[in-house]
Amino acid sequence: MKEIRVRFAPSPTGPLHIGGVRTALYNYLFARKHHGKFLLRIEDTDQTRFVPGAEEYIIESLKWCGIQFDEGVHIGGPYAPYRQSDRKELYHQYALQLLNNGTAYYAFDTPEELEALRKDSESRKETFQYGPLTRKGLKNSLVLSGEDVEALLQSGEHYVIRVKIPENETIVVQDLIRGRVSVESMLLDDKVLYKSDGMPTYHLANVVDDYLMKISHVIRGEEWLPSAPLHVLLYRYFGWEADMPEFAHLPLLLKPDGNGKLSKRDGDRLGFPVFPLRWTDPKSGEVSSGYRESGYLPEAFINMLALLGWNPGTEQEVFSIEELIQAFSIERVGKSGSKFDPEKAKWFNHHYMSGLDDREVSILLGNILKEREIEVSPDFLLSVSAIIKDRAVLIPDLWEQSHYFFVAPVSWDEKVIQKFWKPETPALLQKLSEILANTEDFTVENIDTVVKTYINDNGLGMGQIMNTLRLALVGGSFGPGVSAMISLLGKNETLNRIDKAIANLGS
RNA sequence: GGUCCGUUCGUCUAACGGUUAGGACGCCAGGUUUUCAUCCUGGUAAUAGGGGUUCGAUUCCCCUACGGACUACCA
């Protein structure tokens with residue numbers, strides 16, 4: 001059986017958005033599942049759209065996601081180079097091959113001439129097509145004499161090389177997801193294969209490179225489906241039909257509301273990241289948020305993404321990357337586009353956060369404390385982590401849910417004061433404080449008993465004490481159980497905070 | 001406009017001719033927690049419309065509607 005080789009082939013025109021990450025993920029899962037190879041090829045044949053830093057961004061993003069390559073622009077491999085601009089010389093000979101076998105031709109029409117033709121067609125509510133029907137009336141080597149063509153080439157006239165689409169043929173693409181897709185050749189354009197700047201277009205470069213790199217399956221976005229027949233045709237023109245990869249065109253990721261392809265704008269508008277990592281546009285300086293910086297765990301991010309367009313056919317939906325590899329199959333990728341749901345992304349992250357063990361949580365929280373220059377003992381950090389981890393959806397929530405363990409309150413929630421802080425409160429807390437001062441056993445269970453006994457013995461209401469005690473401890477109406485907090489804070493800190501609250505709030 | 005692709009709860013989706021159309025997110029209600037979350041239990045909610053084919057259509061075919069992608073010397 002042929003070795004499975006797939007590629008992810010982005011162009012470095014900006015940050016990779018989550019649709020691109022998903023395409024990379026599916027390629028990766030497919031490769032691993034079949035013990036094949038996964039490679040990263042950079043498609044930078046359009047020099048005008050090059051964005052500095054984009055290539056590095058793509059590599060770092062996928063690394064963060066845990067998607068690993070076997071070959072690629074950043075690690076090399078047997079089919080190097082993996083950057084198309086570094087393969088520039090290669091493409092010309094392949095364009096010549098098609099020229100020589102009559103399946104491509106030189107065209108000398110200027111962009112301005114073509115633009116005029118398009119405008120003209122448009123005014124008659126038609127679409128201009130450079131194809132089987134019109135190419136005979138244009139400026140190309142199909143109509144010009146050999147000498148004229150030669151003269152034009154010699155004179156340094158700008159030219160492009162176009163594919164010669166056959167006139168009456170049904171071209172069939174077999175797609176692993178969509179089945180048989182066919183299109184009439186007359187409707188296809190004589191697409192440019194080789195540009196006047198000496199670079200190939202995507203169509204030429206991707207076919208040549210996929211062939212040379214022995215790609216077995218092309219798994220890419222649905223936006224490529226309309227040009228897939230052209231690619232099939234090119235394999236035939238090159239005589240590579242026997243080695244043509246299989247195609248799978250993935251459905252699109254749609255915006256959460258309304259319809260249409262998910263875009264950067266949607267993230268800004270609806271307040272969720274569209275990119276794996278934060279991106280700063282080198283030109284405008286505009287910053288787009290990323291999943292990493294927003295505090296998502298890569299495992300959760302990937303799990304969420306994997307299920308957007310694919311499902312295992314079982315009711316399992318929490319998958320480690322290894323489980324995804326085991327379960328993945330192209331056949332179970334859906335046909336229709338998926339709307340991205342930021343709420344579900346959060347659910348996944350919360351699920352993964354609470355699945356972390358205390359030690360792992362303490363590392364995450366420890367990093368936050370380090371940034372804030374707060375030092376605590378590892379034991380205390382671990383205990384706090386354990387008690388708050390279920391309360392955090394995103395990593396920064398770890399701090400939101402625990403800061404009061406590290407920093408004593410300096411202000412107290414006005415609403416809670418209004419509601420619970422009564423004239424007798426200071427005396428009641430003072431008395432409880434004295435009892436706690438004489439308590440040696442600060443385990444949660446014992447504190448619980450001590451506090452409740454105090455309440456019962458004095459005929460007080462639970463709410464009366466618990467709410468004010470909580471207020472004294474953390475400054476508001478939040479946090480884990482009161483007894484648990486007292487136990488963690490320890491005797492000194494607890495007594496200090498009660499004293500401080502009484503002193504500040506008085507009666 | 002043309003070509004191609006698509007259409008099951010609000011969302012992600014299962015059911016590859018026979019199910020009370022299943023699960024998850026969200027939402028709602030109850031329980032736990034006398035804070036708030038978590039968690040647990042329950043509930044809400046869908047086959048776009050119309051024709052066929054068939055004993056029987058979510059499932060197969062056709063039409064309509066709607067949506068999307070593509071339509072550059074961009075990828």
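Residues numbered from 1 in each chain as written. Chains lettered and ligands numbered in written order. Predicted model: local features only at pLDDT ≥ 70, side-chain atom pairs only at ≥ 80, totals over all residues. Heavy atoms only, no water.

### A look at the domain arrangement of chain A
When cut into domains, chain A gives domain 1 (1–74 + 251–355), domain 2 (87–250), domain 3 (357–403) and domain 4 (408–507). Between the C-alpha centres of domain 1 and domain 2 there is a distance of 30 Å. Of the roughly 2,200 Å² buried between domain 1 and domain 2 on both sides combined, carbon and sulfur atoms contribute 55%. Note that Arg-41 is salt-bridged to Asp-210, the shortest N-O span being 2.8 Å. Joining domain 1 to domain 2, the criterion identifies eight residue pairs in polar contact (both at pLDDT 80 or more). Going through the elements one at a time, strand S1 (5–8) and helix H1 (18–33) are the ones with two or more residues in the side of domain 1 that touches domain 2. For the side of domain 1 that touches domain 2, the leading source of residues is H1, giving five residues. In terms of residue class, the side of domain 1 that touches domain 2 is made up of nine nonpolar, five polar and ten charged. (Domains from an automatic or database assignment. Buried area = accessible area lost by both parts, 1.4 Å probe. Salt bridge = Lys/Arg side-chain N within 4 Å of Asp/Glu carboxyl O. Polar contact = N/O pair within 3.5 Å; in protein donor to acceptor, adjacent residues only side chain to side chain. Helix = DSSP H or I, 4+ residues; strand = E, 2+ residues; numbered from the N terminus. Nonpolar A, V, L, I, M, F, W, Y, C, P; charged D, E, K, R; others polar.)

### Looking at the packing of H1 against helix H10 (residues 298–306)
For the pair H1 and H10, interaxial distance at closest approach is 10 Å and the crossing angle is 85°. Taken together, the axes of H1 and H10 are roughly perpendicular relative to one another. On H10, the residues that touch Ile-18, Val-21, Arg-22, Leu-25 and Tyr-26 of H1 are Phe-301, Ile-302, Leu-305 and Ala-306. Each residue belonging to the contact of H1 with H10 can be placed in one class, and the counts come to eight nonpolar, no polar and one charged. (Axes fitted to C-alpha atoms, helices over the stretch in contact; angles between N-to-C directions. Parallel < 35°, antiparallel > 145°, perpendicular 65-115°, else oblique. Contact = heavy atoms within 4.5 Å.)

### Overview of the confidence of the model for chain A
Predicted confidence across chain A gives a mean pLDDT of 95, with 100% of residues reaching 70 or more. The complex prediction reports pTM at 0.95, with the ipTM value standing at 0.96. (pLDDT = per-residue confidence, 0-100.)

### Focus on the environment of Ser-185
Positionally, Ser-185 belongs in the loop between strand S7 (179–184) and strand S8 (192–194). For the pair Ser-185 and Leu-233, spaced 48 residues apart in sequence, the C-alpha to C-alpha distance is 9.6 Å. If near-sequence neighbours (up to four positions away) are discounted, Ser-185 is found in contact with Pro-132, Ile-165, Pro-166, Glu-167, Asn-168, Glu-169 and Ile-171.

### Re the protein's contact with RNA strand B
Around RNA strand B, 58 residues are found, and the nearest of them are Glu-317, Arg-391, Met-462, Ser-477 and Gly-479. Taken together, the sugar and phosphate atoms account for 71% of what RNA strand B places within 4 Å of the protein. Note that a base nitrogen of RNA strand B is positioned 3.4 Å from one of the backbone N or O atoms of Asp-109. Those elements that provide at least two residues to the surface near RNA strand B are helix H4 (111–123), strand S5 (160–163), S7, strand S14 (338–339), helix H12 (342–355) and helix H20 (462–474). Here the element with the most residues in the surface near RNA strand B is H12; it accounts for four residues. Along the lines of polarity and charge, the residues of the surface near RNA strand B split into 18 nonpolar, 17 polar and 23 charged. (Near = heavy atom within 4 Å.)

### Topic: the pairing of S7
Pairing of strand S6 (residues 170–175) with S7 involves six bridges; the strand directions are antiparallel. The partner of Gln-174 across the bridge, within S7, is Arg-180. Hairpin connection from S6 to S7: three residues lie between these consecutive antiparallel strands. (Pairing = 2+ DSSP bridges.)

### Some details on the layout of surface pockets
The volume enclosed by the largest pocket comes to roughly 1,400 Å³. Taken together, 47 residues line the largest pocket, and the ones lying closest to its centre are Pro-10, Ser-11, Thr-13, Arg-49 and Glu-223. Of all the elements in the fold, those that place two or more residues in the lining of the largest pocket are S1, H1 and strand S9 (217–221). Ranked by residue count, the leading element in the lining of the largest pocket is H1, at five residues. (1 Å grid on protein atoms, 1.4 Å probe; cavity = no way out; pocket = protein on both sides within 12 Å on 5 of 7 lines; lining within 4 Å. Points joined across faces, edges and corners; volume = space filled by probe spheres on them.)

### Details of the sheet that holds S8
Strand order across the open sheet formed by three strands is S4-S5-S8, with antiparallel pairing between neighbours. Edge positions in the sheet fall to strand S4 (104–107) and S8, since each of these pairs with one other strand and no more. On average, adjacent strands in this sheet sit at an angle of 45° to one another, irrespective of strand direction. Direction of pairing for S5 relative to S8: antiparallel, over a ladder of two bridges. Along S8, the bridge assignment pairs Ile-161 with Tyr-194.

### Some points on the packing of aromatic side chains
For any pair of aromatic rings, the description consists of the separation of the ring centres together with the inter-plane angle of the planes. With the rule as written, the count across this model stands at 26 aromatic pairs. Ring geometry for Tyr-94 versus Trp-240: centroids 5.7 Å apart, planes at 65°, classification edge-to-face. Here the residue Tyr-94 occupies a position in helix H3 (residues 88–100), and Trp-240 occupies one in the loop between helix H7 (228–238) and strand S10 (246–250), the gap between them amounting to 146 residues. We note that Tyr-94, like Trp-240, is buried. (Phe/Tyr/Trp six-rings, centres within 6.5 Å; stacked < 30°, edge-to-face > 60°. Buried < 20%, exposed > 50% of the residue type's maximum accessible area, 1.4 Å probe, protein only.)

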